[in-house]
Amino acid sequence: MNATPEKADDLIVVGKIFSVHGVRGEVKVYSFTDPIENLLDYPRWMLRHEGKVKQVELVSGRGSQKGLVVKLKGLDDRDEARLLSGYEICIARSLLPNLAADEYYWYQLVGLKVINQDEQLFGTIDHLLETGANDVMVVKPCAGSLDDRERLLPYTAQCVLGIDLEAGVMRVEWDADF
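Computed from a predicted structure; not experimentally measured. (Residues numbered from 1 in each chain as written. Predicted model: local features only at pLDDT ≥ 70, side-chain atom pairs only at ≥ 80, totals over all residues. Heavy atoms only, no water.)

**Brief notes about the environment of R149**
Residue position: R149 is located in the loop between β9 (135-140) and β10 (151-154). Not counting residues up to four positions away in its chain, the partners in contact with R149 are F122, V139, P141, A176, D177 and F178. Of the polar contacts made by the side chain of R149, one reaches the backbone oxygen of A176; its length is 3.0 Å. (Helix = DSSP H or I, 4+ residues; strand = E, 2+ residues; numbered from the N terminus. Contact = heavy atoms within 4.5 Å. Polar contact = N/O pair within 3.5 Å; in protein donor to acceptor, adjacent residues only side chain to side chain.)

Right, here's the structure in full:
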């Protein structure tokens, strides 16, 4: 495991180590990718925890009931593996596949101002949730917001009218009283 020259603002969190598996230094990983096995497509990870960042190399991985079980190069001891519990798994944003013009990664949406069809500012997108039926945007009030309400808005074509990443704005079709 090595120190890394990657800039912290270029890293995106794609998973998290949550436990050890067995006695040979394997770790249990929760993947934020869809499908979860896509995390295994990245052979080098940056592990980040409490200001520390280290580079690791993936040796192998497989699916399990609660996520992935992963073997990292040079990690052969259960006690050493336990020390990685809680580390975020990051990759450089530049490694993510390009998307179609009308598709976005969640990290691109976080922080956008949300304005409805009546030009009312609801707040900014704090995070998104996966609900099964559709993804949901958690919009929290900000300076200049219509009110102090937190709103849960569906991330659907019916609700989202347009996204302008450069302007930092998402336009939605949503009644402020709903």
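Following the structure, the description resumes.
**Here's the deal with the sheet that holds strand β6 (residues 88-92)**
As summarised here, the arrangement of the six strands in space is β1-β2-β5-β4-β3-β6, forming a closed barrel in which the pairing is antiparallel. Sheet twist, expressed as the mean angle between neighbouring strand axes with direction ignored, is 50°. Judged from the three bridges that link them, strand β3 (residues 44-49) and β6 form a sheet pairing that is antiparallel. By the bridge assignment, M46 is partnered in β6 with C90. (Pairing = 2+ DSSP bridges. Axes fitted to C-alpha atoms, helices over the stretch in contact; angles between N-to-C directions.)

**With respect to the nonpolar core**
The biggest cluster of nonpolar side chains holds 22 residues, and the ones touching the most others in it are V29, W45, L47, V70, L72 and I89. Listing elements by their share of this core, those giving two or more residues are β1 (11-21), β2 (26-31), β3, β4 (52-64), β5 (67-72) and β6. A per-element tally of this core places β1 first, with four residues. Grouped together as the second largest cluster of nonpolar side chains are 16 residues, V139, C159, I163 and A176 included. (Core = buried A, V, L, I, M, F, W, Y, C linked by side-chain atoms within 4.5 Å. Buried < 20%, exposed > 50% of the residue type's maximum accessible area, 1.4 Å probe, protein only.)

**Some points on a nonpolar patch on the surface**
On the surface, a nonpolar cluster with roughly 320 Å² of combined accessible area is contributed by F18, Y30 and F32. Inspection of the secondary structure puts F32 in the loop between β2 and β3. (Patch = residues over 30% accessible without salt bridge, like charges linked within 9 Å, V, L, I, M, F, W, Y side chains within 5 Å. Areas by Shrake-Rupley, 256 points an atom, 1.4 Å probe, with all protein chains shown as cover. Salt bridge = Lys/Arg side-chain N within 4 Å of Asp/Glu carboxyl O.)

**Notes on the layout of surface pockets**
When its volume is computed, the largest pocket comes out at roughly 850 Å³. Together, 23 residues line the largest pocket, and F32, T33, D34, Y105 and W106 are the ones closest to its centre. Of all elements in the fold, only β1, β2 and α2 (106-109) reach the threshold of two or more residues within the lining of the largest pocket. Counting residues per element, the lining of the largest pocket draws most heavily on β1, at three residues. Of the residues contributing to the lining of the largest pocket, the split by class is 14 nonpolar, three polar and six charged. (1 Å grid on protein atoms, 1.4 Å probe; cavity = no way out; pocket = protein on both sides within 12 Å on 5 of 7 lines; lining within 4 Å. Points joined across faces, edges and corners; volume = space filled by probe spheres on them. Nonpolar A, V, L, I, M, F, W, Y, C, P; charged D, E, K, R; others polar.)

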